[in-house]
Amino acid sequence: MADNRREFSDNEKMLLHNEVGGRCPLCGEVLTYKKNKKIHKSFEVAHIYPANPRPDEVMLLQDEERLSDDVNDFKNVIAVCRICHKKFDTPRTIEEYRSWMRLKRRLLQNTALKSTYILFNVEEEIKVVLEKLNNETVEGELVQLSYDSLKIDEKTNDSFPFAIKRTVKNDVVDYFDYMHRLFIDMDQINPYKFETLASQIKCFYLKCMQINQNQEMVYTSLVDWLNEKTNSYSRRACEIVVAYFIQDCEVFS
Ligand SMILES: [Zn+2]
């Protein structure tokens, strides 16, 4: 039987290695090793839908979704360690196939979104907000918002897990009023600063929605983006900022 697999170029392998952040997405094993002062690859390019399916595998996967009709398309392959590859291929199961499909889809979406980061900027002043949130003196200035004024429940759906929802609600209750005052002060010094900032958050939120409407993914992507745009100063403070903009209706509007 003819072998449908094709050899992937070094550049393609580099992209696949980058896509999984250099570690096997299944077991976490680092996908390179050093020997004789040289770095070697220790991953394999695994086909999600098999390149050369046996008749029983064709039957097993006949109703399953595929990310590409071409088995050698970038969307149908993933960099994994040799052991996870072997386990995936033998014996093939529907559950693992679906789980790898979900994994690859998420990786593709992450890459698509990250490639747009450069297009979406955020006003420098947001850093001042993050710093203030991280400063101990904030504690004396917090005024709790009433739980009755929360808008989180009406704007979220089943794709927003309870644990995140709870954190967002608590963040809004604790910090919304304080941040609102910060933004008013900011606008007095630089008119339209808050509106600019809010529209930047809204724009990136809409970009996320174009790629995937899952609210957990949108929330996480917003936090990741804001964190990267602020030089990874404080991911926790970025969560609080995103919570503010959920309550203020720029996000999940
Ligand atoms: Zn592995």
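Residues numbered from 1 in each chain as written. Predicted model: local features only at pLDDT ≥ 70, side-chain atom pairs only at ≥ 80, totals over all residues. Heavy atoms only, no water.

Examining the overall build of the chain
A tally of regular secondary structure across the chain gives 10 helices and 4 strands. Secondary structure elements of the chain, listed N to C terminal, follow the sequence α-β-β-β-α-β-α-α-α-α-α-α-α-α. The C-alpha atoms of the chain give 23 Å as radius of gyration, which overshoots the globular expectation for 253 residues (18 Å, by more than 25%). When the 253 residues of the chain are sorted by exposure, 43% land in the buried category. If you take every contact in the chain between residues at least 6 apart in sequence, the share linking residues at least 24 apart comes to 74%. Counting every atom, the chain has about 14600 Å² of accessible surface; 49% of that belongs to carbon and sulfur. (Helix = DSSP H or I, 4+ residues; strand = E, 2+ residues; numbered from the N terminus. Rg over C-alpha atoms; globule rule 2.2 N^0.38 Å. Buried < 20%, exposed > 50% of the residue type's maximum accessible area, 1.4 Å probe, protein only. Contact = heavy atoms within 4.5 Å. Areas by Shrake-Rupley, 256 points an atom, 1.4 Å probe, with all protein chains shown as cover.)

A closer look at the coordination of the zinc ion
Binding of the zinc ion to the protein goes through Cys24 (SG), Cys27 (SG), Cys81 (SG) and Cys84 (SG), at separations of 2.3 Å. For the zinc ion, the 4 donor atoms in the first shell make angles of 104 to 116° at the metal, a pattern classed as tetrahedral. Donor residues binding the zinc ion come from one chain and are separated in sequence as C-x2-C-x53-C-x2-C. (Donors = N, O, S within 2.8 Å, 3.2 Å for Na, K, Ca; no water. Tetrahedral: all angles 85-135°; square planar, octahedral: opposite > 155°, others 65-115°.)

What to know about the packing of aromatic side chains
With the rule as written, the count across this model stands at 14 aromatic pairs. On the basis of an interplanar angle of 5° and a centroid distance of 3.6 Å, the ring pair of phenylalanine 88 and tryptophan 100 is categorised as stacked. Taken as a pair, phenylalanine 88 in helix H3 (residues 82-89) and tryptophan 100 in helix H4 (residues 94-114) lie far apart in primary sequence, 12 residues in all. Considered together, phenylalanine 88 and tryptophan 100 belong to a single accessibility category, that of buried residues. Ring geometry for phenylalanine 204 against tryptophan 225: centres 4.4 Å apart, planes inclined by 15°, an arrangement best described as stacked. Of the two residues, phenylalanine 204 sits in helix H8 (residues 193-211) while tryptophan 225 sits in helix H9 (residues 215-229), which places them 21 residues apart along the sequence. By the ring-pair criterion, three or more aromatic residues cluster together here, those being Phe176, Phe183, Phe194, Tyr244 and Phe245. The ring centre of tyrosine 49 lies 3.6 Å from the NZ or CZ of arginine 66, which sits over that ring. For arginine 92, the ring lying beneath its charged end belongs to phenylalanine 88, and the centroid distance is 5.3 Å. (Phe/Tyr/Trp six-rings, centres within 6.5 Å; stacked < 30°, edge-to-face > 60°. Lys NZ or Arg CZ within 6 Å of the ring centre and 35° of its normal.)

Considerations on H4
With 21 residues, H4 should reach 30 Å at 1.5 Å per residue; the first-to-last C-alpha distance of 30 Å fits that figure. Residues of H4 that are buried: Ile94, Tyr97, Trp100, Met101, Leu103, Lys104, Leu107, Gln109 and Leu113. (Expected span 1.5 Å × (residues − 1).)

Quick notes on the pattern of salt bridges
All chains considered together, the criterion is met by 21 salt bridges. Residues arginine 5 and aspartate 3 are paired through a salt bridge, measuring 3.4 Å at the closest nitrogen-oxygen approach. Aspartate 3 sits in the partly exposed class, given a relative accessible area of 48%. Aspartate 56 is paired through a salt bridge with arginine 54; the nearest N and O atoms lie 3.2 Å apart. A relative accessible area of 43% means that arginine 54 is categorised as partly exposed. Beyond isolated ion pairs, a larger network of salt bridges with shared partners links Arg54, Asp56, Glu57, Asp89 and Arg92. (Salt bridge = Lys/Arg side-chain N within 4 Å of Asp/Glu carboxyl O.)

Some points on helix H1 (residues 10-19)
Taken together, the buried positions of H1 are occupied by Glu12, Lys13, Leu16, His17 and Glu19. Down the axis, H1 shows its buried residues gathered within 160° of arc, on one side only. Exposed and facing more than 90 degrees away from the buried side of H1 are Asp10 and Asn11. Summarising the contacts, the buried residues of H1 are in contact with strand E1 (32-35), strand E2 (38-41), strand E3 (43-47), strand E4 (77-81) and H4. Immediately beyond the C-terminal end of H1, within one or two residues, lies glycine 21, with a positive phi of roughly 65°. (Arc of directions from axis to C-beta.)

Looking at the domain arrangement of the chain
Under the domain assignment, the chain is made up of domain 1 (10-114) and domain 2 (117-247). Relative placement of domain 1 and domain 2: their C-alpha centres are 35 Å apart. Taken together, the two surfaces of domain 1 and domain 2 that pack against each other cover about 610 Å², and 66% of this comes from carbon and sulfur. Its largest share of buried area at the contact with domain 2, domain 1 owes to Gln109, Leu113 and Lys114, together 88% of the area lost on that side. (Domains from an automatic or database assignment. Buried area = accessible area lost by both parts, 1.4 Å probe.)

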